[in-house]
Amino acid sequence: MTADERPVSEQSANHPPPGTISRESSRRTFLAIAAAGLALALVPIWIGGSRTLMGVAITGLLFASYAIAFNLIFGSTNQLFLAVGALAGVGAYTSAIISDRLGVPFPLTMVLASGLSMFIGGAFSWIAVRRSLGIIFTGIITLTFSLAFDNLLLGQRGLTGGETGIVVDAGSDTFLRNQIPPYYVFLILVLIYLIGYVLLHRSHIGWAFRALRDDEIAAELTGINVARYRIYAGAIGGGMLGFAGALWAHVEGFISPATFTFVHVDVPALVMLVFGGIGTVLGPVVGAAVFTYLGEVLASYSQLRLIADGILLIVLFLAFPQGVIRALGLRLNQLRASRKAAP
Amino acid sequence: MTAVILDGIVLGLQFGLLGVGLTVVYGIGGVLNLAYGQLAVVAAIVMSITMRSGLATGPAVLAGISAAVAIALLLNFTILKPVYKRDDEDRVLLSLLLTIGVAFIIDGFLVWRYPIEALSLNIDWDPVSILGVRMRAGSLLASAITLLAGGALIFFFRTTTTGKAARSVIQDEVGARLCGVNPAAVRTLIFALSGVLAGLFATTQAMTSPVPISAGFDFTITALLVTVVGGLGSIRGAFLAGLILGVVNAMSSFYIGSYVTTIILLAAAALTIVVRPSGLFGAKA
Amino acid sequence: MLEVSNLSAGYDAKAVVLDVSVNVREGEAVAIIGSNGAGKTTLLRAICGLLPVSSGNVQYAGTSITNLAVHEIARSGIAFVPAQRHLFPEMTVAENLALGAFPHRPDPDQHALVLDLFPRLAERRHQAAGTMSGGEQQMLAVGRALMANPQLLILDEPTTGLAPRLAAQAYESLAALRGQGMTILVAEQQVPLVLGIADRGYVLENGEIQLEGLASDLRGNPTVQRAYLGVV
């Protein structure tokens, strides 16, 4: 609106984007990941006797993997995907249906399913970058996809079981249905995602992400194909979400639309990520751990969960607007300013 | 076929009204209010509760609309204050994230206190025959109210000084300020207007089908789609897009099944974005 | 009428204009000249409230208007025509002019005066502002500013984007306005044009006033001649 009141130069202050990982600090980063992994590995000693609590802990790791993928898409490349749950749901339902109906081994269907999520995630990015849509349009399109996916699940009863969901047979005769092993499987997944995240940011893709977040226009001028890297992030993140969702389907043995709604996945994942720190490596895991723990402690107030999530979202974004907005590294003002200045 | 299209038009007019409420707030405040559908739901629930406690329909509708206006103004004066200090996309993004929070608070409160509340306004007049199709009186009254509201909106934005000032803020905020227009005052007015539109939408919806407490996000997403297809900030575009989406919605749910309508609407929106990124009518009013 | 004393303003922490004092008396046309980036736009924007004043004071008609909101300054009788014009592109010429009078209804006399000054606007009254040529948009921007019947007209680079012939025309209409007694403050790079209509002028370079004086003296000043008038 009033972009041209500000000069073009002053807005990109000298803050390094939080997603950046320098080579010197990467050893420390890996040590931190190892420490977090070790701490999380000890959790079953504490609560391993309770099937319920182990279930909660596994859900916590599921959300940690959602948040890491969301961090890659939103934190690293400014794409507001409001379809975290839906993309995970695509993975879960695809893998469950193909393995149970066609008898394909489920490890294979999990890969297939995450491929589909990867394709959809990449397609969102493609639509968005093709027309250089702002973050808002990406948000609207993905949010609509969330709702559309939900309706599709409810409508295609024959395939999805509608509102009641479906029992997932594939995986039922494996260790994935035991009390403790699936926790470690998910922990390994989280660690792989974290290491992948760090390696990706250390590679040339990471340099492109950094440039893109720091100043999109400048990045484009220096020859970085912003569109391509956005699509990479959308696709990789989508694939990560799909795989996590698929794994969960085979571990839990039952999926229903409620498991993947915007309300139950996207908003908690957003809260966790913002709390932990957008663009930080371990932030998503810290956020997931804190809110999973809080959710369990406050389980008897679960009817207030929605209200609490809403308040948290507002408080987090109001209390750390600088952090959040800086982390987004939006430089669109400059684009508008230069456009308006042109007669 | 005619019946389906007529139903689609009835629905589409209401979509348009809903879309306008979202799009003017975006155009003037730079705010994407994702709690907008919840405003309509709150209006509906207030109407339902007050009617059950004995209030006549007219006053109850007024009470419902007032509640939506009150919440819209409350948002404008509280959590959106820090939003207005930001510019452009930063502003939209922060508003979007904060109003998702508001939507959750409202939804959570309704689920907690009024889990089974829903509003239905039964218009028990005789059906009227139009183009050989018997139309329910509720549908016709809803359309009449929507058309009247649409006409009033166009009159307001085209001819009144205040309406022109509002459009001037959409088109060039700096220019408007230099003309002596106070954008904050215009914004307050427009937020109140969006509350009125949300309340009216709740009223007309309830004349054709019940409005449950869970409808908030559906309404918001419908409004967003209308806005995207019509062009962010465009009032004409919102009405046209509403009509198109209404007819598409009625036809797809009649011929295929209601569950695919969102998918078809999404596809329509995605197609619009790919073909015409700024929507049918660009980004201006 | 307008008294700017020791004003500093800029973006974030960096001052673009430093300790600048300018005054404009009633009925006078005053020029602020300087090269691109000298701080002319920053100075005018700070006066009009579009940029915060970090120190110093702006007095208008005896009261301080320092850091008032833009619309309050606009309503107090100061009309600002920015270089980017900030017209309402999708509104007609007539609607743009009508908004110039906001919050009042357009005054017919003032309207007639504007159309008299810019007959072209009368021909284009039903055309959308965004579809007009640069010269016509410039006329509309000045016309819209005049609709409020301002006591002081401030213009930033009114010749921006105009061909030489149109730039000269723009200054002819400013000269006509001045002839009608309008007080004018104008920032301009095209020094020969602006010194042609101004009574007095200030030379602004690197955010500070380097020189001030009567327009005739400035025209004769060797430094001004060398820097802005192309005299070797």
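Scroll up for the structure.
The rules behind the values
Residues numbered from 1 in each chain as written. Chains lettered and ligands numbered in written order. Predicted model: local features only at pLDDT ≥ 70, side-chain atom pairs only at ≥ 80, totals over all residues. Heavy atoms only, no water. Helix = DSSP H or I, 4+ residues; strand = E, 2+ residues; numbered from the N terminus. Rg over C-alpha atoms; globule rule 2.2 N^0.38 Å. Buried < 20%, exposed > 50% of the residue type's maximum accessible area, 1.4 Å probe, protein only. Contact = heavy atoms within 4.5 Å. Areas by Shrake-Rupley, 256 points an atom, 1.4 Å probe, with all protein chains shown as cover. Phe/Tyr/Trp six-rings, centres within 6.5 Å; stacked < 30°, edge-to-face > 60°. Buried area = accessible area lost by both parts, 1.4 Å probe. Salt bridge = Lys/Arg side-chain N within 4 Å of Asp/Glu carboxyl O. Polar contact = N/O pair within 3.5 Å; in protein donor to acceptor, adjacent residues only side chain to side chain. Nonpolar A, V, L, I, M, F, W, Y, C, P; charged D, E, K, R; others polar. Expected span 1.5 Å × (residues − 1). Axes fitted to C-alpha atoms, helices over the stretch in contact; angles between N-to-C directions. Parallel < 35°, antiparallel > 145°, perpendicular 65-115°, else oblique.

Engineer: Help me out: how do you make sense of the overall build of chain B in this one?
Structural biologist: Within chain B, the regular secondary structure consists of 11 helices and 4 strands. Whereas a compact globule of 285 residues would reach a radius of gyration of roughly 19 Å, chain B reaches 18 Å, a difference of no more than 12%. Based on the C-alpha atoms only, the size of chain B along its principal axes is roughly 55 × 45 × 35 Å. Scored against the burial criterion, the 285 residues of chain B give a buried share of 63%. Considering only intrachain contacts with a sequence separation of at least 6, the fraction spanning at least 24 residues in chain B is 77%. Of the roughly 9,800 Å² of accessible surface on chain B, a fraction of 69% belongs to carbon and sulfur atoms.

Engineer: Can you help me understand the packing of aromatic side chains in this one?
Structural biologist: Given two aromatic rings, one states the distance between the centres and the angle between the planes to describe the pair. All names here are of chain B. Here the structure, examined in full by the defined rule, presents 18 aromatic pairs over all chains. Ring geometry for Phe 104 against Phe 217: centres 5.8 Å apart, planes inclined by 65°, an arrangement best described as edge-to-face. Here Phe 104, found in helix α4 (residues 88–113), pairs with Phe 217, found in helix α9 (residues 216–230); they are 113 residues apart in sequence, far enough to count as distant. Phe 104 gets classed as buried once you look at its relative accessible area, which sits at 1%. Judged by its relative accessible area of 10%, Phe 217 is buried.

Engineer: Can you help me understand the interface of chain C and chain B in this one?
Structural biologist: In many reports, interface size means the accessible area that the parts give up when they come together. With 20 residues of chain C at the interface, the matching set in chain B holds 19 residues. Roughly 1,900 Å² is buried in total at the junction of chain C and chain B, and carbon and sulfur atoms are behind 65% of that figure. Inspection of the chain C/chain B interface yields 1 salt bridge. Arg167(B) is paired through a salt bridge with Glu95(C); the nearest N and O atoms lie 3.2 Å apart. In this assembly, chain C and chain B are joined by 6 residue pairs in polar contact (both at pLDDT 80 or more). Of all the elements in the fold, those that place two or more residues in the side of chain C that touches chain B are α2 (70–75) and α3 (93–100) of chain C. When residues in the side of chain C that touches chain B are grouped by element, the largest group, 4 residues, is from α2(C). A class-by-class count of the residues in the side of chain C that touches chain B yields 12 nonpolar, 3 polar and 5 charged.

Engineer: Is there a simple way to explain the interface of chain B and chain A in this structure?
Structural biologist: Contact residues are listed per partner, giving 48 residues for chain B and 50 residues for chain A. Roughly 4,800 Å² of surface becomes buried between chain B and chain A when both sides are summed, with 76% attributable to carbon and sulfur atoms. For the pair chain B and chain A, the interface holds 0 salt bridges. Where chain B packs against chain A, one counts 0 residue pairs in polar contact (both at pLDDT 80 or more). Only α1 (2–29), α4, α7 (173–178), α9 and α11 (261–275) of chain B provide two or more residues apiece to the side of chain B that touches chain A. With 20 residues, α4(B) is the single largest residue contributor to the side of chain B that touches chain A. Residue composition of the side of chain B that touches chain A, by class: 33 nonpolar, 5 polar and 10 charged.

Engineer: Would you mind going over α11(B) with me for this structure?
Structural biologist: One turn of the α-helix equals 3.6 residues, which is why residues spaced by three or four share an orientation. Counted at 1.5 Å a residue, the expected span for α11(B) with its 15 residues is 21 Å, and the 21 Å between its end C-alpha atoms agrees. Turning to α11(B), its buried residues number three or more, namely Thr261(B), Thr262(B), Leu265(B), Leu266(B), Ala269(B), Ala270(B), Thr272(B), Ile273(B) and Val274(B). Those residues of α11(B) hidden inside the fold are in contact with α5 (106–130) and α6 (135–155) of chain A together with α9 and α10 (235–255) of chain B.

Engineer: Where do I start with the packing of helix α3 (residues 51–77) of chain A against helix α9 (residues 204–214) of chain A in this structure?
Structural biologist: The packing of two helices is summarised by the inter-axis angle and the distance between the axes. Residues and elements named next belong to chain A. Here α3 crosses α9 at 50°, and the two axes come no closer than 8 Å. Relative to α9, the element α3 lies oblique. Of α9, the residues touching α3 (which contributes Leu 72, Gly 75, Ser 76 and Thr 77) are Phe 209, Leu 212 and Arg 213. For the contact of α3 with α9, the class distribution of residues is 3 nonpolar, 3 polar and 1 charged.

Engineer: What should I look at first to understand the pattern of salt bridges in this one?
Structural biologist: For side chains of opposite charge, pairing can occur when their charged atoms come near one another. All names here are of chain C. Here the structure, examined in full by the defined rule, presents 10 salt bridges over all chains. The partner of Arg 120 in a salt bridge is Glu 123, and the shortest N-O contact between them spans 3.9 Å. With Arg 120 and Glu 123 both in helix α5 (residues 119–123) and 3 residues apart, this pair spans about one turn of that helix. Since its relative accessible area comes to 35%, Arg 120 is described here as partly exposed. On the accessibility criterion, Glu 123 (60% relative accessible area) is exposed.

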